[in-house]
Amino acid sequence: MTRILSVFNLLKRVGFAVLLLGGLLYAQPYEPTYLLDVTGEVGQYLGFSCFQSVGDQNGDGFDDVIVGSESSVNSLDIRLYWGNNLGNASFIDFGRYDTTNDRYGWSDGAFDAGFTVPAGDVNGDGHQDILLSLYLQSAGAGWRSALFLGGPGVFDTIPDWIGALSDLHYLTNVGDYNGDGRDDYTKRPLNEGMFNFYLGEIPGSDDALWSHFDFNSSHMGFGDVNGDGYSDFGRVILLGDSGYVRAELYLGSPLADSLPALIRVRPSAAGNTFEYYHRIVGDINGDGYDDIISRATSFAEGARKYIYWGGPDMDLVDDVELHWPNNNVPKYVTPLGDINGDGYDDVAHYEHYLTPPNDHIEVWLGGDPLPESPAWVLDGPLDGMNYPYRIGEAGDFNGDGIDDWFFSAYHGLEERGRIIVVAGDRNFGLAARERTPLPRDLSLSVFPNPFNSTLRISFDVPLHADVNVVLYDLLGREVDVIYRGRLLSNAIAYVAPGSLASGVYFVRAESGAKAAFKKVVLLK
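Model, not experiment: these values are computed from the prediction. (Residues numbered from 1 in each chain as written. Predicted model: local features only at pLDDT ≥ 70, side-chain atom pairs only at ≥ 80, totals over all residues. Heavy atoms only, no water.)

1. With respect to a nonpolar patch on the surface
There is a patch of nonpolar side chains on the surface, built from Tyr 244, Ile 263 and Val 265 and spanning about 270 Å² of accessible area. With respect to the helices and strands, Val 265 occurs in strand β21 (residues 262-267). (Patch = residues over 30% accessible without salt bridge, like charges linked within 9 Å, V, L, I, M, F, W, Y side chains within 5 Å. Areas by Shrake-Rupley, 256 points an atom, 1.4 Å probe, with all protein chains shown as cover. Salt bridge = Lys/Arg side-chain N within 4 Å of Asp/Glu carboxyl O. Helix = DSSP H or I, 4+ residues; strand = E, 2+ residues; numbered from the N terminus.)

Following this line, the structure appears as structure tokens:
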């Protein structure tokens, strides 16, 4: 396998760049460390229907993951593997509804070949909650949404809310779209004939805030592409038999608008181009805005990938074009977080397990400029197993302050799965490219100040860092916990409790060894 990267006039947001890959050997700086490596029993699809980062559920400083554990003959349950730095694989089972012989199943709502996103904070308490789809094959069978509230002393194995029966299956967190401090989510049915948006609330709701009716849509994931502190998300729609594809980007705001702010329609027949897979992949160039990568194929030119740089004037016009030789472009891409702790988000380009023997993962580190080769490559079957079923961000599983990532594999004949959490590492890929890390000091700003009820708090720290934000009074007493957990956006909205009296307070934020505070005035 060979790749090279040549840069021709790489201009961010000014002009257009083409990056050509092919010619030099892959950089393989070291063998990665597997923090969790578990293979299921024969007949056990471990990591097939669900593999998701859910934050630190027990308050021990290690982020946890949930994994589907499905039997080929029995119903499916969920395992929560506790994050740790000891190399053990301790877990708890939950979600097993086996009072009858009916089959059922859980799903994390992953999209398009195992693409998944971390769980969201639906109730706004600073801890990630677990929101899954549950399928019951009994009388009145169908899909239900199930919510498990998360956090130390809160999470247990009993759903805190189960929704009504419907055909809505593909369920995903889209971040805090309207800035109310609670993460929101979307659903699609199995037949993909509808796209529903729901506000995060407790208890959960079966009533969508708004809906769109169309077919063959795929999800982009979420992030803050224009840097305004609100979560943005997108989707891509294949427009029936017309041969056209429409990309839609929804920009967050207090209005939670049902209309996309950016739309791009491309022909797949007349122009011999098919562009369907888009992902919001985090901030890969370190400019403070999340970016998008898409894939297109052309009968005339083969396969390509494109980068759309995020920014205040974000658009869906190609900024960088990526080429692989002989049309060997990995079909999919997914964000991994900052797996080497340098302040740039990193990604995996990969082929899906459905297309063996094309099992293939390339881990590319972010940077400015972008690196010339992948930091690590896994190619071909893994110990006789195909991969990935699922692939994505694992949070900080071993508590070392660096993001980790995961993928799962399967053995078709033995009908069993394998789950792997890969350690992030400050030395990841340094043999391929030396870079100066971005400043990681913590600073914060507040607006408005004085405030009446709602205060917007903005951070100048890398996304996905662990942050604690607390409100204190003039005597130094803790008044309220504003936010505690992994930072999914560069800004949060704090709504003061009605019982909080007018006066002077201090907002203190800390992340690792860094801390900052601001004096605020509440006027009612």
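Read on, since the account is not over.
2. A closer look at the pattern of salt bridges
Taken as a whole and judged by the stated rule, the model has 10 salt bridges. Residue Arg 304 is joined to Glu 321 by a salt bridge in which the shortest nitrogen-to-oxygen separation is 3.0 Å. Here Glu 321 lies in strand β25 (residues 320-323) and Arg 304 lies in strand β24 (residues 302-308), a separation of 17 residues in the sequence. Residue classification places Arg 304 among the buried residues on the basis of a relative accessible area of 12%. According to the relative accessible area criterion, Glu 321 is buried, its value standing at 11%. The closest approach of N and O atoms between Arg 477 and Asp 473, which form a salt bridge, is 2.8 Å. One connected set of salt bridges, linked through shared partners, spans Asp 37, Asp 383 and Arg 418. (Buried < 20%, exposed > 50% of the residue type's maximum accessible area, 1.4 Å probe, protein only.)

3. Here's the deal with the sheet that holds strand β9 (residues 91-94)
Strands sit in the order β6-β7-β8-β9 across an open sheet of four strands; the sheet is antiparallel. Every other strand in the sheet has two partners, leaving β6 (44-55) and β9 as the edge strands with one partner each. Each neighbouring strand pair of the sheet contributes to a mean axis angle of 25°, computed without reference to strand direction. Relative to β9, strand β8 (residues 76-81) is paired through four bridges, and the arrangement is antiparallel. Along β9, the bridge assignment pairs Ile 78 with Phe 94. (Pairing = 2+ DSSP bridges. Axes fitted to C-alpha atoms, helices over the stretch in contact; angles between N-to-C directions.)

4. Focus: the sheet that holds strand β28 (residues 360-364)
Spatially, β26-β27-β28-β29 is the arrangement adopted by the four strands of the open sheet, whose pairing is antiparallel. The sheet terminates laterally at β26 (332-337) and β29 (376-379), the two strands that pair on one side only. Averaged over neighbouring strand pairs, the angle between their axes works out to 20° when direction is ignored. Bridge count between β26 and strand β27 (residues 346-351): five bridges; the pairing is antiparallel. Among the inter-strand pairings, Pro 335 is bridged to a residue of β27, identified as Val 347.

5. Description of the environment of Arg 486
Here Arg 486 lies in strand β36 (residues 478-486). Along the chain, Arg 486 and Asp 466 lie 20 residues apart, while their C-alpha atoms are 4.3 Å from each other.

6. Re the environment of Ser 211
Relative to the helices and strands, Ser 211 is located in strand β17 (residues 210-212). The exposure class of Ser 211 is partly exposed, given its relative accessible area of 32%. For the pair Ser 211 and Phe 197, spaced 14 residues apart in sequence, the C-alpha to C-alpha distance is 6.2 Å. Those residues in contact with Ser 211, other than ones at most four positions away along the chain, are Phe 195 and Asn 196. Within the structure, Ser 211 has its side chain in polar contact with the side chain of Asn 196 (distance 2.7 Å). (Contact = heavy atoms within 4.5 Å. Polar contact = N/O pair within 3.5 Å; in protein donor to acceptor, adjacent residues only side chain to side chain.)

7. So, the packing of aromatic side chains
Across all of its chains, the model carries 20 aromatic pairs by this definition. Each ring, one from Phe 197 and one from Trp 210, has its centre 5.0 Å from the other, and the planes form 10°; the classification is stacked. Residue Phe 197 is located in strand β16 (residues 195-198), and its partner Trp 210 is located in strand β17; the two are separated by 13 residues in the primary sequence. By relative accessible area, Trp 210 is classed as buried at 9%. When the centroid spacing of 5.1 Å and the interplanar angle of 5° are considered together, the rings of Phe 233 and Tyr 250 count as stacked. Of the two residues, Phe 233 is situated in strand β19 (residues 232-238) and Tyr 250 in strand β20 (residues 244-250); the sequence distance between them amounts to 17 residues. Tyr 250 matches Phe 233 in its accessibility class, with the two residues each being buried. Taken together, the aromatic side chains of Tyr 177, Phe 195, Phe 197, Trp 210, Phe 233 and Tyr 250 make up a single cluster linked through ring pairs. Arg 79 extends its terminal NZ or CZ atom over the ring of Phe 91, reaching a point 4.2 Å from the ring centre. Between Arg 456 and the ring centre of Tyr 230, over which it is positioned, the NZ or CZ distance is 4.2 Å. (Phe/Tyr/Trp six-rings, centres within 6.5 Å; stacked < 30°, edge-to-face > 60°. Lys NZ or Arg CZ within 6 Å of the ring centre and 35° of its normal.)

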